[in-house]
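Per-entry structural report
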Amino acid sequence: MTTSNNSNGVSKQELPWVEKYRPVTLKDVVGNDETVSRLNIIAQSGNMPNLILSGAPGIGKTTSILCLANTLLGPTVKEAVLELNASDDRGIDVVRNKIKMFAQKKVTLPKGRHKIVILDEADSMTPGAQQALRRTMEIYSNTTRFALACNMSSKIIEPIQSRCAILRFGKLENEQILRRLIEISRAEKVEYIPEGLEAILFASDGDMRQAINNLQSTWSGFAYINAENVYKICDQPHPVVLEKMIDYCQKSEVNDAINCVSALWYQGYSAIDIITTLFRVVKNSEVLSEELKLAYIREIGFTHMKIVDGLQTLVQLSGLVARLCRQTMPAKDFEC
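Since we're looking at a predicted model, the values are computed, not measured. (Residues numbered from 1 in each chain as written. Predicted model: local features only at pLDDT ≥ 70, side-chain atom pairs only at ≥ 80, totals over all residues. Heavy atoms only, no water.)

Helix and strand content of the chain: 16 helices and five strands. When the backbone C-alpha atoms are referred to their principal axes, the chain occupies close to 80 × 55 × 30 Å. In the chain, which comprises 336 residues, the share counted as buried stands at 45%. For the chain, the share of sequence-separated contacts (at least 6 apart) that also reach a separation of at least 24 residues comes to 73%. Accessible area of the chain: about 17800 Å², with a carbon and sulfur share of 50%. One way to put it: in the chain the 39 positive side-chain charges average out to a point 10 Å from where the 38 negative ones average out. (Helix = DSSP H or I, 4+ residues; strand = E, 2+ residues; numbered from the N terminus. Buried < 20%, exposed > 50% of the residue type's maximum accessible area, 1.4 Å probe, protein only. Contact = heavy atoms within 4.5 Å. Areas by Shrake-Rupley, 256 points an atom, 1.4 Å probe, with all protein chains shown as cover. Lys, Arg positive; Asp, Glu negative; His and termini not counted. Charge placed at Lys NZ, Arg CZ, Asp CG, Glu CD.)

Moving on: the side chain of Ser54. Tracing the backbone through its elements, the reader meets Ser54 in strand E1 (residues 51-54). Take Ser54: its relative accessible area is 6%, and that puts it in the buried class. Those residues in contact with Ser54 that sit more than four places away from it in its chain are Lys61, Cys150, Asn151, Met152, Ser153, Leu167, Arg168 and Phe169.

Below, the discussion takes up the pattern of salt bridges. Inspection of every chain in the model, using the stated rule, returns 11 salt bridges. One salt bridge connects Lys171 with Asp205, and the closest N-O pair in it is separated by 3.1 Å. Highlighted residues: Lys171 in the loop between strand E5 (165-168) and helix H8 (174-187) and Asp205 in the loop between helix H9 (194-204) and helix H10 (208-222), separated in sequence by 34 residues. On the basis of relative accessible area, Lys171 is assigned to the exposed category, the value being 52%. (Salt bridge = Lys/Arg side-chain N within 4 Å of Asp/Glu carboxyl O.)

Here we come to the sheet that holds E5. Judged by pairing direction, the sheet is parallel, and its five strands sit side by side in the order E2-E3-E4-E1-E5 without closing on themselves. The open sheet has two edge strands, strand E2 (81-84) and E5, and neither has a second partner. Across this sheet, the average inter-strand angle for adjacent strands is 15°, counted without regard to direction. As paired elements, E2 and strand E3 (residues 115-119) share four bridges and run parallel to each other. (Pairing = 2+ DSSP bridges. Axes fitted to C-alpha atoms, helices over the stretch in contact; angles between N-to-C directions.)

As a further point, take the nonpolar core. Counting 74 residues, the largest nonpolar core has Met48, Leu51, Leu68, Leu181, Leu215 and Met245 as its most contacted members. Leaving out residues up to four positions away in the same chain, Met245 has contacts with Ala257, Cys260, Val261, Leu278, Val321 and Leu324. Val94, Val117, Met137 and Ile160 belong to the second largest nonpolar core, which has 22 residues in total. (Core = buried A, V, L, I, M, F, W, Y, C linked by side-chain atoms within 4.5 Å.)

Attention now goes to the environment of Arg38. Examined against the element boundaries, Arg38 turns out to sit in helix H2 (residues 33-45). Taking relative accessible area as the criterion, Arg38 reaches 42% and is therefore assigned partly exposed. With 129 residues separating them along the chain, Arg38 and Leu167 place their C-alpha atoms 8.6 Å apart. Excluding residues that lie within four positions of it along the chain, Arg38 makes contacts with Ile166 and Leu167.

Two descriptors summarise a pair of aromatic rings, namely the distance from one centre to the other and the angle between the planes of the rings. All chains considered together, the criterion is met by one aromatic pair. Their ring planes at 75° and their centres at 6.5 Å tell us that Phe202 and Tyr231 sit as a pair that is edge-to-face. Of this pair, Phe202 sits in helix H9 while Tyr231 sits in helix H11 (residues 227-234); the two residues are 29 residues apart in sequence, bridging distant segments of the chain. For the cation-ring pair, Lys115 lies above Phe102, with the distance from its terminal atom to the ring centre recorded as 5.6 Å. (Phe/Tyr/Trp six-rings, centres within 6.5 Å; stacked < 30°, edge-to-face > 60°. Lys NZ or Arg CZ within 6 Å of the ring centre and 35° of its normal.)

For the rest of this paragraph, the subject is H8. Taking 1.5 Å as the rise per residue, H8 with 14 residues should run 20 Å; its terminal C-alpha atoms sit 20 Å apart, in good agreement. Of the positions making up H8, those classed as buried are Gln176, Ile177, Arg180, Leu181, Ile184 and Ser185. Along the axis of H8, the buried positions cluster into a sector of 165°, meaning they face one direction only. Of the exposed residues in H8, the ones pointing more than 90 degrees away from its buried face are Arg179 and Arg186. (Expected span 1.5 Å × (residues − 1). Arc of directions from axis to C-beta.)

Moving on, we come to the layout of surface pockets. If a probe as big as a water molecule is rolled over the atoms, it shows which places are left empty. Reported here for the second largest pocket is a volume of approximately 800 Å³. The wall of the second largest pocket is formed by 29 residues, among which Glu198, Phe202, Glu243, Arg280 and Asn284 lie closest to the centre. Only H8, H9, H11, helix H12 (239-250) and helix H14 (271-283) provide two or more residues apiece to the lining of the second largest pocket. Per element, the largest residue contribution to the lining of the second largest pocket is seven residues, and it comes from H9. Among the residues making up the lining of the second largest pocket, the classes are represented as 16 nonpolar, five polar and eight charged. (1 Å grid on protein atoms, 1.4 Å probe; cavity = no way out; pocket = protein on both sides within 12 Å on 5 of 7 lines; lining within 4 Å. Points joined across faces, edges and corners; volume = space filled by probe spheres on them. Nonpolar A, V, L, I, M, F, W, Y, C, P; charged D, E, K, R; others polar.)

Residue pairs three or four apart in sequence face the same way in an α-helix, which turns once every 3.6 residues. A large share of H9 lies buried, amounting to eight of its 11 residues. Considered for burial, the residues of H9 that qualify are Gly196, Leu197, Ala199, Ile200, Leu201, Phe202, Ala203 and Ser204. Tucked into the core, H9 has its buried residues touching H8, H10, H11, H12 and H14. Positive phi shows up at Asp205, right after H9, with a value of about 55°.

Structure, rendered in structure tokens:
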């Protein structure tokens, strides 16, 4: 039995799962149906405008534009697409030389098609490079189209934004990621239990790439997907501990709640790890009332802001626990 090789000579069996199961056509892209349908319309018309694809990491921006390029360019896609990602130098010299040379290159394409330049993490380009790119987009508009993937479109200069159609991608729903994880698990003969996949969904927080990487890492490390193994691989505080802490806070049992946070702290988790996981636990809680959930999220937000400013101590977390407990304490307990 032989295994096929990709363009770099690596067999498909050896590829990371996130690459091995990357969609090739737009119909295989998971989620963001409205945005993908707009790309389908572009593929059918054959006339691709310059694009800005904006959204969180790992939700299919670059994959979608690669699928569009495959549909538009067919067999010529390898020589007619230039992809520069975040690991490449994309200063002003790259725009003036590499991108400009590609735009000038003659390539035989299907009628009405254009060469495509894909710039991943475009919002990290320097202002000078963006200004040079604006000029390049203007000069070579007859032969080349540009697709810029970014997390925040507001970091792209306005002259480029005005030359592009902006497509916004939202976070994927858990059900969409779960279906993909089950497909991959069956293809790779991965042994799992539902709680293990739920743990992957919690840790990935709408990021398909992270979910697939966590699935492969847990399978490679433990050969079994359950919640305990997933949280060991992801190195995140176990949400069950924080759920127990929230339960103590509801009962105004301050000491027990602080003990839960202290246990995570002395296991080596940073304050930012704990506060981030705590926010997800509260946001997804089904036992908290809406009023109490909003009050908890407000307090968590204030503490998160202090931690980001550098106050990453156990005292900050303990103060947060005390304020959470206060939300359900009787008013008479605070009377002097």
